[in-house]
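Structural features, examined
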Amino acid sequence: MATTVVGQPLSRVDARRKVTGTATYSAEHRIEGLLYGVIVNGTVARGTVSRISTDAALAHPGVLHVLTDFGGLRLAHPVDRIAFYGQPIAVVVAETLEAATHGASLVEATYERQDAVTDFDAPDIPSQTPADEPDYSRGDPAGALASAQVKVDLELTSARENHNPIELPSTIARWQDGRLTLWDKSQWSQGAARTVAGALGIAVGNVRVHNEFLGGGFGSGIQTYDHVILAAFTAREVGSPVKVVLTRRQFYYGTGFRPASRHRMALGSSTAGRVSALVYEVRIENARYQTYTDGLTDLPQFLYGVPNTRTAYRVTPVDVHSPCSMRGPGVVLGNFALETGMDQLAHELALDPVELRLRNEPTQDEVTKLPFSTRKLRECYDTGARRFGWSRRQAKPGSRTDGDLLIGMGMATASYHNNRRDCSARARIHADGTAEVFAASADMGPGTTTSVMQVAADALGLPAPAVTFRLGDSSYPTAPLHAAATTMASVGSAVHTTCNALKAEFIRRAVADADSPLHGANPADVQVRDGQLETSGAQDTYRDILRRAGLPSLDITGNWGPGDADSKISTYGYGAVFAEVSVDPLLGLVRVRRIFAAYDVGRVISPKLAHSQAIGGMVGGIGMALLEGTVTDHRDGRIINASLADYLVPVNADITDLDATFINTEDPKADPIGVKGLGEITIVGVAPAIGNAVFNATGKRLTDLPIRPEALL
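A brief report on the enclosed structure follows. (Residues numbered from 1 in each chain as written. Predicted model: local features only at pLDDT ≥ 70, side-chain atom pairs only at ≥ 80, totals over all residues. Heavy atoms only, no water.)

1. Regarding the pattern of salt bridges
Evaluated as defined, the whole model comprises 33 salt bridges. When the shortest N-O distance is used, the salt bridge between Arg17 and Glu212 registers 3.5 Å. Taken as a pair, Arg17 in helix 1 (residues 15-20) and Glu212 in the loop between strand 11 (207-210) and helix 6 (226-238) lie far apart in primary sequence, 195 residues in all. Overall, the relative accessible area of 35% leaves Arg17 in the partly exposed class. (Salt bridge = Lys/Arg side-chain N within 4 Å of Asp/Glu carboxyl O. Helix = DSSP H or I, 4+ residues; strand = E, 2+ residues; numbered from the N terminus. Buried < 20%, exposed > 50% of the residue type's maximum accessible area, 1.4 Å probe, protein only.)

2. Notes on empty space enclosed by the protein
The final tally for this structure, using the stated rule, is 4 cavities of 30 Å³ or more. Of the voids in this model, the largest cavity is the one considered here, and its volume is about 120 Å³. Residue lining of the largest cavity: 14 residues in total, with Tyr85, Arg160, Val320, His321 and Gly637 positioned closest to the centre. The class makeup of the residues in the lining of the largest cavity is 8 nonpolar, 4 polar and 2 charged. (1 Å grid on protein atoms, 1.4 Å probe; cavity = no way out; pocket = protein on both sides within 12 Å on 5 of 7 lines; lining within 4 Å. Points joined across faces, edges and corners; volume = space filled by probe spheres on them. Nonpolar A, V, L, I, M, F, W, Y, C, P; charged D, E, K, R; others polar.)

3. Points about helix 11 (residues 377-388)
Residues that lie three or four places apart on an α-helix share one face, since the helix turns once every 3.6 residues. For helix 11, which comprises 12 residues, the first-to-last C-alpha distance of 16 Å matches the rise-based estimate of 16 Å (1.5 Å per residue) to within 8%. Residues of helix 11 that are buried include every one of Leu377, Cys380, Tyr381, Thr383, Gly384, Ala385 and Phe388, and no others. At its buried positions, helix 11 is contacted by helix 10 (353-359), strand 18 (405-417), strand 26 (572-584), strand 27 (589-600) and strand 30 (657-662). Looking one or two residues past helix 11, Gly389 carries a phi angle of roughly 85°, positive in sign. (Expected span 1.5 Å × (residues − 1). Contact = heavy atoms within 4.5 Å.)

4. Looking at the sheet that holds strand 25 (residues 553-560)
Across the sheet, 4 strands lie side by side as 21-20-19-25; this open sheet has mixed pairing. In this open sheet, the two strands that pair with only one neighbour each are strand 21 (467-470) and strand 25. In this sheet, neighbouring strand axes are inclined to one another by 20° on average, regardless of whether the strands run parallel or antiparallel. Here strand 19 (residues 423-430) pairs with strand 20 (residues 435-438) via 4 bridges, running antiparallel. Residue pairing for strand 20: Arg428 is matched across the bridge by Glu436. Docked against the sheet, helix 12 (residues 448-460) engages strand 19, strand 20 and strand 21, running at close to 130° with respect to strand 21. Sheet strands in contact with helix 13 (residues 487-512) are strand 19, strand 20, strand 21 and strand 25, and its direction is about 135° off that of strand 25. (Pairing = 2+ DSSP bridges. Axes fitted to C-alpha atoms, helices over the stretch in contact; angles between N-to-C directions.)

5. Some points on the sheet that holds strand 12 (residues 242-245)
If you trace the 7 strands from one edge of the open sheet to the other, you get 3-4-1-12-9-10-11, paired in mixed fashion. With partners counted over all chains shown, the strands left at the sheet margins are strand 3 (63-67) and strand 11, one partner each. Strand-to-strand, the axes of this sheet are offset by a mean angle of 25°, without reference to chain direction. Pairing analysis gives 3 bridges linking strand 1 (residues 35-41) to strand 12, with the strands arranged parallel. Each bridged residue has a counterpart across the sheet, and for Gly37 the counterpart in strand 12 is Val244. Helix 6 rests against strand 1, strand 3, strand 4 (88-94), strand 9 (170-176), strand 10 (179-184) and strand 12 of the sheet, and its axis sits at about 30° to strand 9.

6. As for the pairing of strand 15 (residues 275-287)
Counting buried positions over the 13 residues of strand 15 gives 10, a clear majority of the element. Two strands pair when backbone bridges link them, and strand 14 (residues 261-269) and strand 15 are joined in this way by 9 bridges, in the antiparallel orientation. Residue pairing in the sheet places Leu267 in a bridge with Leu278 of strand 15. Connecting strand 14 to the next strand, strand 15, in antiparallel fashion are 5 residues, including Gly273 with a positive phi near 90°. Pairing geometry for strand 15 and strand 16 (residues 308-318), over 11 bridges, is parallel. The partner of Tyr280 across the bridge, within strand 16, is Thr311.

7. Examining a nonpolar patch on the surface
Together, Leu586, Leu587 and Leu589 make up an exposed nonpolar region whose accessible area comes to about 300 Å². Secondary-structure assignment places Leu589 in strand 27. (Patch = residues over 30% accessible without salt bridge, like charges linked within 9 Å, V, L, I, M, F, W, Y side chains within 5 Å. Areas by Shrake-Rupley, 256 points an atom, 1.4 Å probe, with all protein chains shown as cover.)

8. Comments concerning the packing of helix 9 (residues 331-349) against helix 17 (residues 686-698)
Contact pair helix 9 / helix 17: the axes reach a minimum separation of 9 Å and the direction vectors enclose 30°. Comparing their axes, helix 17 and helix 9 come out roughly parallel. For the element pair helix 9 and helix 17, the recorded crossing hand is right-handed. Contacts from Asn335, Phe336, Glu339, Thr340, Asp343, Gln344 and His347 of helix 9 reach helix 17 at Pro688, Asn692 and Phe695. (Parallel < 35°, antiparallel > 145°, perpendicular 65-115°, else oblique. Left-handed = near helix turned anticlockwise from the far one by under 90°.)

9. Details of the side chain of Lys676
Looking at the element boundaries, Lys676 is found in the loop between strand 30 and helix 16 (681-684). Residues within four places of Lys676 in sequence aside, it is in contact with Thr374, Asn418, Thr571, Tyr572, Gly573, Tyr574, Asp600, Val601, Gly602 and Asp667.

10. Quick look at the packing of aromatic side chains
Enumeration according to the criterion identifies 14 aromatic pairs in this entry. Ring plane angle 35° and centroid distance 6.0 Å describe the contact between Phe84 and Tyr289, whose orientation is recorded as tilted. A residue pair is termed long-range when its members are at least 10 positions apart, and Phe84 in the loop between strand 3 and strand 4 and Tyr289 in the loop between strand 15 and helix 8 (298-302) qualify at 205 residues. Centre to centre, the rings of Tyr252 and Tyr647 are 5.6 Å apart; their planes meet at 75°, and the pair counts as edge-to-face. Of the two residues, Tyr252 sits in helix 7 (residues 248-254) while Tyr647 sits in the loop between strand 29 (638-639) and strand 30, which places them 395 residues apart along the sequence. (Phe/Tyr/Trp six-rings, centres within 6.5 Å; stacked < 30°, edge-to-face > 60°.)

11. Some points on the environment of Thr309
Checked against the element boundaries, Thr309 lands in strand 16. On a C-alpha basis, the gap between Thr309 and Ala425 in space is 42 Å, while along the polypeptide they are 116 residues apart. Other than its neighbours up to four places away in sequence, Thr309 contacts Tyr136, Ser137, Arg138, Pro141, Leu278, Pro300 and Gln301. Polar side-chain contacts of Thr309 include one of 3.2 Å to the backbone oxygen of Val306. (Polar contact = N/O pair within 3.5 Å; in protein donor to acceptor, adjacent residues only side chain to side chain.)

12. Some points on the packing of helix 12 against helix 13
Between helix 12 and helix 13, whose axes approach to 8 Å, the crossing angle comes to 30°. As summarised for this structure, helix 12 and helix 13 are arranged roughly parallel, according to the angle between their axes. Crossing handedness for the pair helix 12 and helix 13: right-handed. Contacts between helix 12 and helix 13 involve Thr448, Ser451, Val452, Val455, Ala456, Ala459 and Leu460 from the first element and Thr487, Met488, Val491, Gly492, Val495, His496, Cys499, Asn500, Leu502 and Lys503 from the second. The residue inventory of the contact of helix 12 with helix 13, partitioned by class, reads 10 nonpolar, 6 polar and 1 charged.

13. Regarding the environment of Val282
Mapped onto the fold, Val282 is located in strand 15. Taking C-alpha positions, Val282 is 29 Å from Gln250, a pair spaced 32 residues apart along the chain. Excluding its chain neighbours within four sequence positions, the residues that come into contact with Val282 are Arg262, His263, Leu296, Thr297, Ala312, Tyr313 and Arg314.

14. Digging into the side chain of Asp14
Structurally, Asp14 is set in the segment before helix 1. Judged by relative accessible area, which is 7%, Asp14 ranks as buried.

15. Here we look at the pairing of strand 14
For strand 14, the buried fraction is high: 8 of the 9 residues fall into the buried class. Note: strand 7 (residues 150-158) against strand 14, 9 bridges, orientation antiparallel. Pairing of Leu154 across the sheet is with Met265, part of strand 14.

Written as structure tokens, this is what we have:
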């Protein structure tokens, strides 16, 4: 049957609810008897609380409780001592948010301080090799680098970045008959249920998490942090529902972040532009109490056909909160080092940066030795360069001007692993011919509710308005975390598989029913369109099949998983990102004039939403390249710029001409709907493309993120 809904540029099905304010986010649910909890944060980076005074807080009008003993909880960090600045030490509960907030300010604590180190560049701090990121080597990297005709050896850094989605971390907790219901801003409702159950020592079946609407996440809602557990704990202790919403400042203290990083990228090449050696060493900040890693070494090992490659990954434990995933986790920083190094190598070789990359295209995955499922990176280069106007680039840095401004063009490759995980879904067709599909996924903004509906509609042979995708409830069929560009390939494939099974069940019933016009037909010949089953001129409908059976609805639960596909193929998304910047040499100000990217991300389910994802990734990349950086006072670990007044993120004035296109391709070897992840890859190449454009404009190779005006003066 021809596709009718997938591929259409539909608007979001929940758009009207969002713009009219009828979409209910976690903190907005109206719960009878609701009290307000405010967390009191510790003000040392390491030590213990020797005394805590709650009398003044309890005396404040409206304050009902102050909880200070969390000893029975199992948290990610120790509960008997302070492991990072901002660690919760108390929860104030009141009848109003204002009373709880003021009451929290009246809680006083004294500490037994211990020597703390929050700067991972401090001398004599030992680094570690994480167990899941062992050193990697192929060929003879040291020898090949030493004998290379042309060498590049760069030191690069990136600042810590903090999450800043508009919706703050929010949780409402309510207990009824020993069962806990949470309304939580979570990117993984079932993961949150397991974490909270484990922390409280209760059965996971007694926890239900709702997360239908999320106001952005970008990785900040994958893990379940203290405020969620404390909301549940507090509600149980006080015997009433409790709402906890972090302030923006508490958001910086109470959740994870993209860790600061230090890199060495060394490349060796022949004069013909064949890269023979790559050495990549990286180190990131980490917490003492927990090791966090992500895929920093992935692209340096994989992206180009370099026969002699070595990577080394180190973490430096200090007295900070644990880092976490942030859009393009790890990969975006490893790619910044790689693509900056490749651009510098192209300059040293007097070779076009696109041509250098083409000369080093691999024929297989050099890490796994597996064939690529699809790799249309050459098409991305060709399409992106043509649409962007790359031929107008001046190879000599600083040679193009616009009045007093220096103009530069830069490009970078992007890639991200196509993550697929086991997933379940339930599909149901009602007597009125409408359908509902269920999975415990989430939608933090990419439009999952819409795109999965499109897959379901085509699989069931129904028009889009007749299908509703239900998500945001941990009681729904099992789904993976809504992150790591996993959702469409995993949830979409499970929904596709389940809906096809339900359609097949209706066909089976029709051809077996003597009263059906399709009785005796070959099931393989039956087609379904707009809820109508037909073959050889005979027709039946979902409605009539249910009516004859006396059923109000019929549903099926199905499963899909990638199985052993990753042992047979290497499946990644690819992209080519092109940027043009202006640089004011007197002020050191960089402005992004335009960005264009071409992507190979498999089948595009929803073009309008895919384009929106690409633009969002570019905005995040602009922030990484030019604006975002967390500043810490290392005397006590306090974050100095923990507010949107002081932490810079891109605003409308920073965003001009951003555009993207998608190469027409599918990846049927990876999953049944032929998609590859899109959410992460769109940020991956942006920062190096901007940095490379700045070099083309000025001749200054800047290797520290964010690029600051003083570096250009």
